[in-house]
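# Understanding the architecture of this molecule
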Amino acid sequence: MAVFTEVTETQANDLMQSLNLGQLCALRGIEGGIENTNYFATTDQGEYVLTVFERLTHEQLPFYLFLMKHLAGRGIPVPDPAANRDGDVLHTLSGKPAAVVNKLAGKSQLRPQTAHCAAVGDMLARMHLAGSDYNRNQPNLRGLPWWNVTVPVVLPHLDEAQASLLRSELAYQNHIAQGAAYAALPRGPVHADLFRDNVMFDGEQLTGFFDFYFAGVDAWLFDLAVCLNDWCIDLPSGRHDPDRALAMLHSYMAVRPLSAAERELLPAMLRAGALRFWISRLWDFFLPREASMLKPHDPTHFERVLRGRIDQPVTL
Ligand SMILES: Nc1ncnc2c1ncn2[C@@H]1O[C@H](COP(=O)(O)OP(=O)(O)O)[C@@H](O)[C@H]1O
Ligand SMILES: N[C@@H](CCOP(=O)(O)O)C(=O)O
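Residues numbered from 1 in each chain as written. Chains lettered and ligands numbered in written order. Predicted model: local features only at pLDDT ≥ 70, side-chain atom pairs only at ≥ 80, totals over all residues.

## Points about the overall build of the chain
A tally of regular secondary structure across the chain gives 10 helices and 9 strands. Relative to its length of 316 residues, the chain is compact, with a C-alpha radius of gyration of 20 Å against a globular reference of 20 Å. Long-range pairs, those at least 24 residues apart, make up 72% of the contacts in the chain between residues at least 6 apart in sequence. (Helix = DSSP H or I, 4+ residues; strand = E, 2+ residues; numbered from the N terminus. Rg over C-alpha atoms; globule rule 2.2 N^0.38 Å. Contact = placed C-beta atoms within 7 Å.)

Okay, structure coming up:
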């Protein structure tokens, strides 16, 4: 269970009251999640999610929280951070930054069909367009500069074949990032971690995107690639699933057609999306933070996905 920081009922009740969200009835730590402490907080007015941020700072958090507010205000189904009477959406609990958002309806669809992939593609494109006039700027903190710093830290833990793949892929991505096609990619706020466990569905109806705490300004195509790598693969092998991928791509492109540079770099960004999560999973696995009962994700999954993207590039 990912409760790194214990929150008492008195602390939670005081926070809910300061946000005018009513009297606390129940507080329950949420299992799952690996980054932050999350609680479901039920009051006499509704159901909310209280998050204590374990890694992100008071300086970084306004970018994410106001992005969610911006998107919610434009009709994208994302959690809307609650403000106190001074308009602040970032609060403090036990000396750490904290926020309260509305609880989304629905549940995650961990075995998605083409209809779910199409719904994600459609909403992802709408979210990109809705975020294009967001006025805060923060890079994707898990982007290329972080890969360059983190790869040397994890390399000593790998066998020679893995280390060689990791080194060569990092070199390839640095090369791609210096090219003209990469510079031409349309950019804006991206979710950057829109895995199956960060989307809610009611049947085939998409009810929300959440967990924006890896968001940042980056290439929109990178966001799409991260989704394709998680939603549109055969899970055991990591192999690309053409039916689900085309469903996602077509519904994305029906809202926002891809540019020539995006079509050209789709194979490279699929590799980048796999590399990013291979590195972070290796980092979590070999250099874990202290946490109660934290279960790191399997890094070898994204090693397989990356090898698949290199051996069988996916083109449009
Ligand atoms: N706004 C929300 N509405 C409904 N459930 C949520 C919401 N935010 C988080 N959750 C639940 O909490 C779990 C963990 O949240 P998540 O943001 O993924 O944690 P972490 O940031 O630690 O990875 C999710 O899988 C989901 O079940
Ligand atoms: N999606 C990432 C890990 C981030 O965890 P989340 O629970 O915040 O989505 C992965 O699968 O490696």
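## Overview of the pairing of strand β3 (residues 46-52)
Direction of pairing for strand β2 (residues 37-43) relative to β3: antiparallel, over a ladder of 7 bridges. Bridge pairing in β3 places Phe 40 opposite Val 49. Hairpin connection of β2 to β3: 2 residues between the antiparallel strands. Bridge count for β3 against strand β5 (residues 96-102) is 5 bridges, and the pairing is antiparallel. Across the sheet, residue Thr 51 finds its bridge partner in β5, namely Ala 99. (Pairing = 2+ DSSP bridges.)

## Observations regarding the nonpolar core
Generally speaking, nonpolar side chains in soluble globular proteins are found buried as a group. Val 100, Val 120, Met 248 and Met 269 are the most contacted members of the largest nonpolar core, which totals 84 residues. No other element matches helix α9 (residues 260-286), which puts 12 residues into this core. Of the domains in this structure, domain 1 (9-102) and domain 2 (114-311) are the two that each give at least three residues to this core. With near-sequence residues (within four places) excluded, Met 248 lies in contact with Cys 117, Ala 118, Val 120, Gly 121, Cys 227, Leu 228, Trp 231 and Cys 232. (Core = buried A, V, L, I, M, F, W, Y, C linked by C-beta atoms within 7 Å. Buried ≥ 20, exposed ≤ 12 C-beta atoms within 10 Å, placed from the backbone. Domains from an automatic or database assignment.)

## Details of the packing of helix α4 (residues 144-154) against α9
Two elements in contact, α4 and α9, have axes separated by 10 Å at closest approach and are oriented at 45 degrees. Classified by the interaxial angle, the pair formed by α4 and α9 is oblique. Of the two possible hands of crossing, α4 and α9 adopt the one that is left-handed. The residues of α9 that touch α4, namely those facing Trp 147, Thr 150, Val 151, Val 153 and Val 154, are Leu 275, Arg 276, Ile 279, Leu 282, Trp 283 and Phe 286. (Axes fitted to C-alpha atoms, helices over the stretch in contact; angles between N-to-C directions. Parallel < 35°, antiparallel > 145°, perpendicular 65-115°, else oblique. Left-handed = near helix turned anticlockwise from the far one by under 90°.)

## Thoughts on α9
Between the first and last C-alpha of α9 there are 39 Å, a value that for 27 residues agrees with the 39 Å anticipated at 1.5 Å per step. The largest bend in α9 amounts to roughly 55 degrees and is located at Leu 266, with the proline Pro 267 lying one to four residues further along. (Expected span 1.5 Å × (residues − 1). Bend = angle between axes of the 7 residues up to and from the residue.)

## Examining the sheet that holds β3
Ordered in space as β1-β2-β3-β5-β4, the 5 strands form an open sheet in which the pairing is antiparallel. Both outer strands of the open sheet, β1 (24-29) and β4 (91-93), are each paired with one neighbouring strand and no more. Strand-to-strand twist of the sheet, defined as the mean angle between neighbouring strand axes without regard to direction, takes the value 35 degrees. Sheet analysis places β1 next to β2, joined by 5 bridges and oriented antiparallel. Within the sheet, the bridge partner assigned to Ala 26 lies in β2 and is Thr 42. Contacts from helix α1 (residues 9-18) reach β1, β2, β3, β4 and β5, with the element oriented near 120 degrees to β1.

## What about the domain arrangement of the chain?
Annotation of the chain at the domain level lists domain 1 (9-102) and domain 2 (114-311). One C-alpha centre belongs to domain 1, the other to domain 2, and the line joining them spans 26 Å. Facing 19 residues of domain 1, the contacting portion of domain 2 comprises 18 residues. Taken together, the residues that form the side of domain 1 that touches domain 2 break down as 13 nonpolar, 4 polar and 2 charged. (Nonpolar A, V, L, I, M, F, W, Y, C, P; charged D, E, K, R; others polar.)

## Remarks on the packing of helix α3 (residues 114-131) against helix α7 (residues 220-231)
It is at 11 Å that the axes of α3 and α7 come closest, and there the two elements cross at 165 degrees. In terms of orientation, α3 and α7 fall into the roughly antiparallel class. Pair α3 / α7 crosses with right-handed handedness. Across the interface between the two elements, Cys 117, Val 120, Leu 124 and His 128 from α3 touch Trp 220, Asp 223, Leu 224, Cys 227 and Trp 231 from α7.

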